[in-house]
Amino acid sequence: MIPFIIFLVIFFGILIFFIYNSIKVVNQSEVYVIERLGKFHKIADAGLTFIIPFVDRVRFVVSLKQQTLDVQPQEVITKDNVTIKINTVVFYKVVAPAKAVYEIQSLKKSIEYLAITTTRDIVGKLDLDATFSSRDLINEQLKMVLNEATSQWGCKVERVEIQDITPPEDIRTAMEKQMNAERTKRAEILKAEGERQAKILQAEGSKTATILAAEAEKEAKIRKAMGDAEAIKRVAEAKALEVQMIYSAMKDADPDERLVQLKSLEALKEIADGDANKIFIPFEAATSNLAELGLKGELLHPTSHKTE
C-alpha cells in the first residue's frame, strides 16, 4: 500500500511538473521563438501557449516594441578634410522575429556598425558647412540605407537622428569668430538701413511741409484775390447805386437844359484838374460855356481839348 501511495505522489509530481513546464504565458508586445528538438518550430504571440517539455523550448524572447540604439560618437572626416565627431541615435522595430533571431548574430551590433559606416560615407561627401546645414538630408539618407540593409534581418528602421556634431576646438573658435563677424556685419547693415530710412523720412517730411506751405500760400492768395474782387464788386455796386440814386434824384428834380450843361462843365473842370494830359468833351459844351468856366488850355480839335 505504501509503495502505491509513493508511486501516486511521484506520478502526480511528474504530471504537475509537465503541466507547469508545458504552459507558457507570453506578455503583450513580446513573442516567443520556440524550437522543437533544436529546430525552429513556431512563434508564440501574446497570451497562453503550450509546449512539450524536454522536446520544445523557448529559444528567444523578442520584444516588438520600438527600440532605441545610441551609437557612440565616431570621428568622421568631411570632404574638406575636417575631422568631426558625430553621435547618432537609431530607432528601430522588429517586424519578423524569426529573421531577427536566425539571420543575424547580433541585431543591435549590426545596426550600430552599419550606422557608423553609412554615416562616414555620407558625411565624407559633404563639406563642414553642408554637414551642419544638412542634418535632415543626412538623417533621411541614413534611414534609407539602414532600412534597405536591415529588411533581410526582419527589422525596420523607423527614424535616424544625428544627436550631436562636434568639430575640433580650432574650428569651433574660427566658427565663433565668423559668427561674431556676421552679427557685427548685420548690425552695421541694420544701422545703415535705419539711418537711410530716417533720412528718407526726413526728406519726405520736409517735402510734404514745403508742399503744404506752398498750398497754404496759394490758398491765402486765392482767398485774398477773391476778397479783393468781392470788395471791388461791392464798391462798384455801391457806385452804381449812387449813380442810380443821383440819376433818379435828377430825374425827379426835372432840371432844365441850362442847369444840366452847367453841372456837366463843372464835372469836366474837375477832370481837367487831374493828371490826364488829354480829355475829350462834347463840342457843344466846349464852344458855348468854355470861356464862362475859365478852363485853361487850347482847343486841339473840334471834339478834343488838351491841357498842359
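Above this text is the structure in question.
Residues numbered from 1 in each chain as written. Predicted model: local features only at pLDDT ≥ 70, side-chain atom pairs only at ≥ 80, totals over all residues. Heavy atoms only, no water.

Chemist: Help me understand the overall build of the protein in this model?
Modeler: Of regular secondary structure, the protein possesses eight helices and 11 strands. Considering only contacts within the protein whose residues lie at least 6 apart along the sequence, 63% involve residues at least 24 apart. Accessible surface for the protein amounts to roughly 22100 Å². Of this, 58% is attributable to carbon and sulfur atoms. (Helix = DSSP H or I, 4+ residues; strand = E, 2+ residues; numbered from the N terminus. Contact = heavy atoms within 4.5 Å. Areas by Shrake-Rupley, 256 points an atom, 1.4 Å probe, with all protein chains shown as cover.)

Chemist: How should I be thinking about the pairing of strand β3 (residues 39–44) in this particular structure?
Modeler: Within a regular strand, side chains alternate between the sheet's two faces. Across five bridges, the pairing between strand β2 (residues 30–36) and β3 is antiparallel. Directly across from E35, in β3, lies its bridge partner F40. Hairpin connection, β2 to β3: the antiparallel pair is bridged by two residues, and L37 has positive phi, about 55°. (Pairing = 2+ DSSP bridges.)

Chemist: Can you walk me through the pattern of salt bridges in this structure?
Modeler: Pairing between side chains of opposite charge can happen when the charged atoms of each approach one another. Applying the stated criterion across every chain, the model contains 10 salt bridges. A salt bridge links D121 to K125, with the shortest nitrogen-to-oxygen separation between them at 3.9 Å. Residue classification places D121 among the partly exposed positions, given a relative accessible area of 44%. Several salt bridges share partner residues, and in doing so they unite E35, R57 and R59 into one network. (Salt bridge = Lys/Arg side-chain N within 4 Å of Asp/Glu carboxyl O. Buried < 20%, exposed > 50% of the residue type's maximum accessible area, 1.4 Å probe, protein only.)

Chemist: Would you mind going over helix α5 (residues 135–150) with me for this structure?
Modeler: Because each turn of an α-helix spans 3.6 residues, side chains separated by three or four positions in sequence point in the same direction. With 16 residues, α5 should reach 22 Å at 1.5 Å per residue; the first-to-last C-alpha distance of 22 Å fits that figure. Regarding α5, the residues found buried are I138, N139, L142, L146 and T150. Around the axis of α5, the buried residues are gathered within 100° of arc, so they sit on the same side. Exposed residues lying more than 90 degrees from the buried face of α5 are D136, E140, M144 and E148. (Expected span 1.5 Å × (residues − 1). Arc of directions from axis to C-beta.)

Chemist: Just to check I follow, could you spell out the sheet that holds strand β8 (residues 155–166) for this structure?
Modeler: Read across the sheet, three strands follow the order β6-β7-β8 without closing on themselves; strand pairing throughout is antiparallel. This sheet does not close on itself; its edge strands, each paired only once, are β6 (67–77) and β8. The mean angle between the axes of side-by-side strands here comes to 20°, regardless of whether they run parallel or antiparallel. Of the pairings in the sheet, the one linking strand β7 (residues 83–94) to β8 comprises 10 bridges and is antiparallel in character. When the sheet's bridge partners are listed, F91 is paired in β8 with R159. Strands β6, β7 and β8 of the sheet are contacted by helix α3 (residues 107–123), whose axis makes an angle of about 35° with β6. (Axes fitted to C-alpha atoms, helices over the stretch in contact; angles between N-to-C directions.)

Chemist: What should I look at first to understand the sheet that holds β3 in this one?
Modeler: Across a sheet, strands are paired by hydrogen bonds formed along the backbone, either parallel or antiparallel in direction. Pairing is antiparallel in the open sheet, where three strands are placed in the order β3-β2-β5. Among the strands making up the open sheet, the edge pair consists of β3 and β5 (56–63). In this sheet, adjacent strand axes meet at a mean angle of 25° when their direction is disregarded.

Chemist: It is not clear to me how unusual backbone geometry should be interpreted in this structure. Could you clarify?
Modeler: What you tend to see is this: most non-glycine residues have negative phi, and most peptide bonds are trans. Residue S29 is not a glycine yet carries a positive backbone phi of 65°. With respect to the secondary-structure elements, S29 resides in the loop between β1 (23–26) and β2. Even without being glycine, N81 reaches a positive phi, approximately 60°. Mapped onto the fold, N81 is located in the loop between β6 and β7. Accessibility expressed as a relative area gives 65% for N81, which makes it exposed.

Chemist: Please explain the side chain of N87 as it appears in this structure.
Modeler: Within the fold, N87 resides in strand β7. N87 sits in the buried class, given a relative accessible area of 12%. Those residues in contact with N87, other than ones at most four positions away along the chain, are D70, V71, Q72, P73, E161, I162, Q163 and D164.

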